[in-house]
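Okay, here's what each chain looks like letter by letter:
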Amino acid sequence: MDVLMPQLGETVAEGKITKWFKAAGDKVVPGDNLFEIETDKVSMEVPATEPGVLTEVRVAAGEIAPVGAVVAVISASGAAVKPTPAKPATPPPVATPPARAPATAAPTAQAASAPTPHRPVALDPFHEVRTPERNYGPAKLASGVTVSPLARRLAAEAGIDLSRITASGPHGRILAKDVTGASAASAGARVTATGASADKVKALYEPGSYEEVPLDAMRRTIAARLIEAKQTIPHFYLTADVTIERLIEVRQEANAAAANDADGNPAFRLSLNDFVIKAWALALQRVPAANAVWAEDRILRFRHSDIGIAVAIEGGLLTPLIRQADTKGLIEISTEMKALAERARARKLKPTEYQGGASAISNLGMYGIREFSAIINPPQSTILAVGAGERRPVETADGVRFVSRMSVTLSCDHRVVDGALGAELVDAFRHFIEHPVGLMI
């Protein structure tokens, strides 16, 4: 049985094996941890799903392998076999993959090895492996022309009709270079967003005046998704000031009323961010047309408010979700948020804990940032950037007085949320923040 590199997220295309818990020759039973992998989002232990003997380790600790690559082999016979030294990962052979239900994970350029009577493929315990055949169409066009797996993926991502491509491969096969060549030709003189090469950038600076920091998987993914977001989502921004005088008072009263636990510590401590999450969830319920995402030929509108919360971690950013935040109390939101943030920083989040949602919140107020604009995280359609609360002068009928206010900026995908709808959403959020008793009910 082949053990495959699992898919642990929509956009995860590869994983790095950081540790092997079993060695070639060891017996395994279902549930035994085989190895630990690290992707751009999480670190996770991968268990065995079948009993037998680990007869071969193909990807050593420290090596990176694409999703779907065979990283080890388990013999179902139970007979120990002479251990095979680990070796670097190699792409699986191109073959027609087994027919399975469509997966929701992100595309990868590799296909899982075809099963044989002696070595059936075992799908990973988290997600089915995504393959070119399953997600980018068959390897043979109606005209009889064959297409390589990588060419199929590139064509699908670029929106190129393969029937219009001139093949240059053996036996009239369409190769990746044919697709990239067609893509470049259609782009014409349009300036690309790839930027200058590393050598060109380095040439601008004095040698020895800088340190080169290699990109890890997380930073590469963040860079790619930010470019994707700004190039494919028509952003616009709405900024408003929200009075938080009453919110601060209600939070203080709620925390003061918290009972002590067995250790004499308060049973809970609500943060301003907990109130912001709840207020945003209720605002999306009040303006349901904004609780939606773009799905190319349609808009998906959701019944509940699944709110992503940006969490800064070493080397990047993760956005775990508070599911159905509109149905949860403040204490439940606070407890769940603390647990998610802790797992995010330890890179132990499950894919279901950070995938999906229609909107997100990015709060930089604790860093003293007064106002900023956040980039939407696809496929979500909005993100609320929350600044620091501060005392500001406000003109009243009796003169000028100082009140506690904070600035929020809503980034909108104009395909889903237009200006008037976005303004209505911000106004609903303002109402809940300025009347916080409604958040306690």
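Residues numbered from 1 in each chain as written. Predicted model: local features only at pLDDT ≥ 70, side-chain atom pairs only at ≥ 80, totals over all residues. Heavy atoms only, no water.

Novice: Just to check I follow, could you spell out the environment of Ala423 for this structure?
Specialist: If you trace the backbone, Ala423 turns up in helix H9 (residues 419–434). In this structure Ala423 comes out as partly exposed when scored by relative accessible area, which is 40%. C-alpha of Ala423 to C-alpha of Leu238: the two residues are 185 residues apart in sequence and 7.1 Å apart in space. (Helix = DSSP H or I, 4+ residues; strand = E, 2+ residues; numbered from the N terminus. Buried < 20%, exposed > 50% of the residue type's maximum accessible area, 1.4 Å probe, protein only.)

Novice: Before we go on, may I ask you to explain the packing of aromatic side chains in this structure?
Specialist: We describe a pair of aromatic rings using the distance from one ring centre to the other and the angle between the two ring planes. As enumerated under the stated definition, the model contains two aromatic pairs in all. Aromatic pair Trp20 and Phe35: ring centres 5.0 Å apart, planes at 50°, arrangement tilted. Placement of Trp20 in strand S2 (residues 14–20) and of Phe35 in strand S4 (residues 33–38) is noted, with a sequence separation of 15 residues between them. In this structure, Trp20 and Phe35 share a single accessibility class: buried. Aromatic side chains Trp280 and Phe429 sit 5.6 Å apart centroid to centroid with 75° between the ring planes, which places their arrangement in the edge-to-face category. Of this pair, Trp280 sits in helix H7 (residues 272–286) while Phe429 sits in helix H9, and the two are 149 residues apart along the sequence. Residue Trp280 is classed as buried on the basis of its relative accessible area, which comes to 0%. (Phe/Tyr/Trp six-rings, centres within 6.5 Å; stacked < 30°, edge-to-face > 60°.)

Novice: I'm lost on the pattern of salt bridges in this one. Help?
Specialist: Opposite charge on two side chains lets them pair, provided their charged atoms get close. In this structure the tally under the stated criterion is 18 salt bridges. Here Arg370 makes a salt bridge to Glu371, at a shortest N to O gap of 3.6 Å. Accessibility expressed as a relative area gives 41% for Arg370, which makes it partly exposed. Its salt-bridge partner being Arg415, residue Asp413 comes within 2.8 Å of it at the nearest N-O pair. Here Arg415 falls in the partly exposed class, since its relative accessible area comes to 28%. Here the salt bridges share partners, and the residues they tie into one network are Asp241, Arg370, Glu371, Glu390 and Arg392. (Salt bridge = Lys/Arg side-chain N within 4 Å of Asp/Glu carboxyl O.)

Novice: Explain the nonpolar core here, please?
Specialist: Note on soluble globular proteins: their nonpolar side chains tend to be buried together. Grouped together as the largest cluster of nonpolar side chains are 79 residues, with contacts concentrated most on Trp20, Phe35, Val71, Trp280, Ile361 and Phe429. For this core, the leading source of residues is H7, giving nine residues. Those residues in contact with Trp280 that lie beyond four places of it in its chain are Ile307, Ser359, Ala360, Ile361, Thr382, Leu384, Leu410, Leu425 and Phe429. Core analysis: the next-biggest nonpolar cluster, separate from the first, contains eight residues, Ile233, Ala374, Ile376 and Ile383 among them. (Core = buried A, V, L, I, M, F, W, Y, C linked by side-chain atoms within 4.5 Å. Contact = heavy atoms within 4.5 Å.)

Novice: It is not clear to me how the packing of H7 against helix H8 (residues 330–345) should be interpreted in this structure. Could you clarify?
Specialist: Angle between the axes and distance between the axes: these two values describe a pair of packed helices. Between H7 and H8, the shortest axis-to-axis distance is 9 Å and the interhelical angle comes to 115°. As judged from the angle between their axes, H7 and H8 are roughly perpendicular. Remark: the crossing between H7 and H8 carries right-handed chirality. In this structure, H7 contributes Asp274, Phe275, Ile277 and Lys278 to the contact, and H8 contributes Leu330, Ile333, Ser334 and Met337. Of the residues that constitute the contact of H7 with H8, the class distribution is five nonpolar, one polar and two charged. (Axes fitted to C-alpha atoms, helices over the stretch in contact; angles between N-to-C directions. Parallel < 35°, antiparallel > 145°, perpendicular 65-115°, else oblique. Left-handed = near helix turned anticlockwise from the far one by under 90°. Nonpolar A, V, L, I, M, F, W, Y, C, P; charged D, E, K, R; others polar.)

Novice: Please clarify how helix H5 (residues 217–232) should be interpreted in this entry.
Specialist: Given 3.6 residues per helical turn, the α-helix brings residues three or four places apart onto the same face. The first and last C-alpha atoms of H5 sit 22 Å apart over 16 residues, in line with the 22 Å expected at 1.5 Å per residue. Among the residues making up H5, those that are buried are Met218, Thr221, Ile222, Arg225 and Ala229. For H5, the arc enclosing every buried residue in end-on projection is 100°, short of the 170-degree limit, so these residues lie on one face. (Expected span 1.5 Å × (residues − 1). Arc of directions from axis to C-beta.)

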